[in-house]
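Single-letter residue listing:
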Amino acid sequence: GIEIDAERAMEAKENIAQAMKSGQIPSDTSIKVVCQNALEVDYSDATVVFLYLIPRGLRLIKSVLLRGRCPTEETTNTLLPPLCVITYMAPFADEQYERKEICVVDHQK
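Please read all numbers here as calculations on a predicted model, not as lab measurements.

(A) Representation of the packing of aromatic side chains. A full pass over the atoms with the stated rule returns 2 aromatic pairs. A centroid spacing of 4.9 Å and a plane angle of 25° characterise the contact between Tyr52 and Tyr88, whose relative ring orientation is stacked. Note that Tyr52 is positioned in the loop between strand E3 (48-51) and helix H2 (55-66) and Tyr88 in the segment after strand E4 (84-87), a separation of 36 residues in sequence. A relative accessible area of 54% places Tyr52 in the exposed class. A connected cluster of aromatic rings, assembled from ring pairs, spans Phe50, Tyr52 and Tyr88.

(B) Here's a closer look at the nonpolar core. By size, the foremost hydrophobic cluster in this structure holds 12 residues: Val41, Tyr43, Ala46, Val49, Leu51, Leu58, Ile61, Val64, Leu65, Leu83, Ala90 and Phe92. Put simply, the parts of the chain that give this core at least two residues each are E3 and H2. Among the elements that take part in this core, H2 stands out by supplying 4 residues, more than any other. The contacts of Val41, once residues within four sequence positions are left out, are Ile2, Gln36 and Val64.

(C) Local environment of H2. With 12 residues, H2 ought to run about 16 Å at 1.5 Å a step, and its terminal C-alpha atoms sit 17 Å apart, in line with that. Among the residues of H2, those classed as buried are Gly57, Leu58, Ile61, Val64 and Leu65. For H2, the arc enclosing every buried residue in end-on projection is 125°, short of the 170-degree limit, so these residues lie on one face. Seen from the open side of H2, the exposed residues pointing more than 90 degrees away from its buried face are Arg56 and Arg59. The inward-facing, buried residues of H2 abut E3 and E4. In the stretch just after H2, Gly68 is the one whose phi turns positive, near 85°.

(D) View of the environment of Leu60. Assignment of secondary structure puts Leu60 in helix H2. Assessed through its relative accessible area of 40%, Leu60 is described here as partly exposed. Separated by 42 residues in sequence, Leu60 and Gln18 place their C-alpha atoms 32 Å apart.

(E) Spatial organisation of the environment of Pro91. With respect to the helices, strands and loops of the structure, Pro91 is situated in the segment after E4. On the basis of relative accessibility, which here comes to 52%, the residue Pro91 falls in the exposed class. Excluding residues within four positions of it along the chain, Pro91 makes contact with Leu58 and Tyr97.

(F) The arrangement of helix H1 (residues 6-22) in detail. With 17 residues, H1 extends 24 Å between its outermost C-alpha atoms, agreeing within 8% with the 24 Å of an ideal straight helix rising 1.5 Å per residue. Of the residues making up H1, those classed as buried are Ala9, Ile16 and Ala19. Down the axis of H1, the buried side of the element spans an arc of 90°, and every buried residue falls inside it. Turned more than 90 degrees away from the buried face of H1, the exposed residues are Ala6, Glu7 and Lys21. Buried-residue contacts for H1 involve strand E1 (2-3) and strand E2 (34-35). Of the residues flanking the end of H1, it is Gly23, one or two places downstream, whose phi is positive at about 90°.

Cut-off values and rules
- Residues numbered from 1 in each chain as written.
- Predicted model: local features only at pLDDT ≥ 70, side-chain atom pairs only at ≥ 80, totals over all residues.
- Heavy atoms only, no water.
- Phe/Tyr/Trp six-rings, centres within 6.5 Å; stacked < 30°, edge-to-face > 60°.
- Helix = DSSP H or I, 4+ residues; strand = E, 2+ residues; numbered from the N terminus.
- Buried < 20%, exposed > 50% of the residue type's maximum accessible area, 1.4 Å probe, protein only.
- Core = buried A, V, L, I, M, F, W, Y, C linked by side-chain atoms within 4.5 Å.
- Contact = heavy atoms within 4.5 Å.
- Expected span 1.5 Å × (residues − 1).
- Arc of directions from axis to C-beta.

Following this line, the structure appears as structure tokens:
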């Protein structure tokens, strides 16, 4: 995970550790949380990204996520693998979706 706020990044790490300890997350699962600006991160190794952003944040990060994944004259032979993007708060504007699911969690009923 990438979180710009140091306290929230620490809270996320603690929640992950607790979830692993209680068995909610399998112990062999690899989860990493870093305190950084998501707009300055290299996503070239990413295969799946979960975004909890409002529409403005999605507009800002879209080009960062797609860098190296969309063909240009210079990159037609060196494209990065496809990226699965999951959004929570809002959809990307002007994008076609393979699948849309509405999930209701207990605290939102």
